[in-house]
Amino acid sequence: MAHINKEFLIDNSPENVWEALREVGAVHQRLVPGFVTDTRMEADTRIVTFANGVVVHELIVDIDDAARRVAYAVVGGSMAPKHHHASMQVLADTEGRSRFVWTIDVTPDELAVPINEMAEQGSRIMRETLKAAPAPAGRNLGAGGAEVVQGA
């Protein structure tokens, strides 16, 4: 199983970032405009169309207002992993900023590279859309906080 983790700071309050994230049917408007061209809900499943033509069906597993966390799993579409579970969470950081944590677990391992590339691009657009800020001095999160660990 591959594990992908993106972590970055956003120069906006956790309340404002959470408001955008929790609106799960508006990803194409609130989080990653242009990268995602359409989002629509069918019951508890979000159908996401990416600019590259990929369409995924994501079961919304949980929207947790107290933890400011959305969990979802890819259950269909043109990219068909054997297993996919992800969560996005907004945490309070210093000086009114937010720390955004995006975790994805996926099999087969061969999907790690294309999913990581899409998550990296999505992270860059989210930071811009939600008014991103650099990591604090002394902490290096790498390009978009990228970390990919395969195996397990």
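All values reported here derive from a predicted model rather than from experimental measurement. (Residues numbered from 1 in each chain as written. Predicted model: local features only at pLDDT ≥ 70, side-chain atom pairs only at ≥ 80, totals over all residues. Heavy atoms only, no water.)

1. Notes on helix α3 (residues 112-129)
- Counted at 1.5 Å a residue, the expected span for α3 with its 18 residues is 26 Å, and the 25 Å between its end C-alpha atoms agrees.
- Regarding α3, the residues found buried are Ala112, Ile115, Asn116, Met118, Ala119, Glu120, Gly122, Ser123, Met126 and Arg127.
- Downstream of α3 by one or two residues, Lys131 has phi in the positive range, about 65 degrees. (Helix = DSSP H or I, 4+ residues; strand = E, 2+ residues; numbered from the N terminus. Expected span 1.5 Å × (residues − 1). Buried < 20%, exposed > 50% of the residue type's maximum accessible area, 1.4 Å probe, protein only.)

2. Structural notes on unusual backbone geometry
- Cis geometry is found at the peptide bond from Thr107 to Pro108, where omega equals 0 degrees.
- Take Pro108: it is sitting in the loop between β7 (98-107) and α3.
- Although it is not a glycine, Arg68 sits at a positive phi angle of roughly 50 degrees.
- Topologically, Arg68 is positioned in the loop between β4 (55-64) and β5 (69-77).
- Arg68 sits in the partly exposed class, given a relative accessible area of 22%.

3. Focus on the pairing of β5
- Both β4 and β5 contribute to a ladder of eight bridges, which runs antiparallel. Across the sheet, Val56 pairs through a bridge with Gly77, a residue of β5.
- The hairpin turn running from β4 into β5, its antiparallel successor, is four residues long, and Arg68 in that turn takes a positive phi close to 50 degrees.
- Strand direction decides the pairing type here: β5 and strand β6 (residues 83-92), joined by four bridges, are antiparallel. When the bridges of β6 are listed, Tyr72 appears paired with Ala86.
- Taken together, β5 and the strand that follows it, β6, pair antiparallel across an intervening segment of five residues. (Pairing = 2+ DSSP bridges.)

4. Some remarks on the packing of aromatic side chains
- Per the counting criterion, the structure on display carries two aromatic pairs.
- A centroid spacing of 5.1 Å and a plane angle of 15 degrees characterise the contact between Phe8 and Phe100, whose relative ring orientation is stacked. Taken together, the residues Phe8 in strand β1 (residues 2-10) and Phe100 in strand β7 connect sequence positions 92 residues apart.
- Geometry around Tyr72 places Arg46 over its ring, the cationic atom sitting 5.1 Å from the centre. (Phe/Tyr/Trp six-rings, centres within 6.5 Å; stacked < 30°, edge-to-face > 60°. Lys NZ or Arg CZ within 6 Å of the ring centre and 35° of its normal.)

5. Some thoughts on the nonpolar core
- Among the nonpolar cores identified, the biggest contains 37 residues, and Leu21, Leu31, Phe50, Phe100, Trp102 and Met126 are the most heavily contacted of them.
- Contributing elements (two or more residues each) for this core: β1, α1 (14-22), β3 (45-50), β4, β5, β6, β7 and α3.
- Not counting chain neighbours up to four residues away, the residues in contact with Leu21 comprise Leu31, Arg68, Val70, Met88, Gln89, Val90 and Phe100. (Core = buried A, V, L, I, M, F, W, Y, C linked by side-chain atoms within 4.5 Å. Contact = heavy atoms within 4.5 Å.)

6. Some words on the environment of Val101
- You can see Val101 is positioned in strand β7.
- You can call Val101 buried: its relative accessible area is 17%.
- Along the sequence, Val101 and Glu7 sit 94 residues apart, while their C-alpha atoms lie 4.6 Å from each other.
- Not counting residues up to four positions away in its chain, the partners in contact with Val101 are Asn5, Lys6, Glu7, Ser87, Met88, Gln89 and Leu91.

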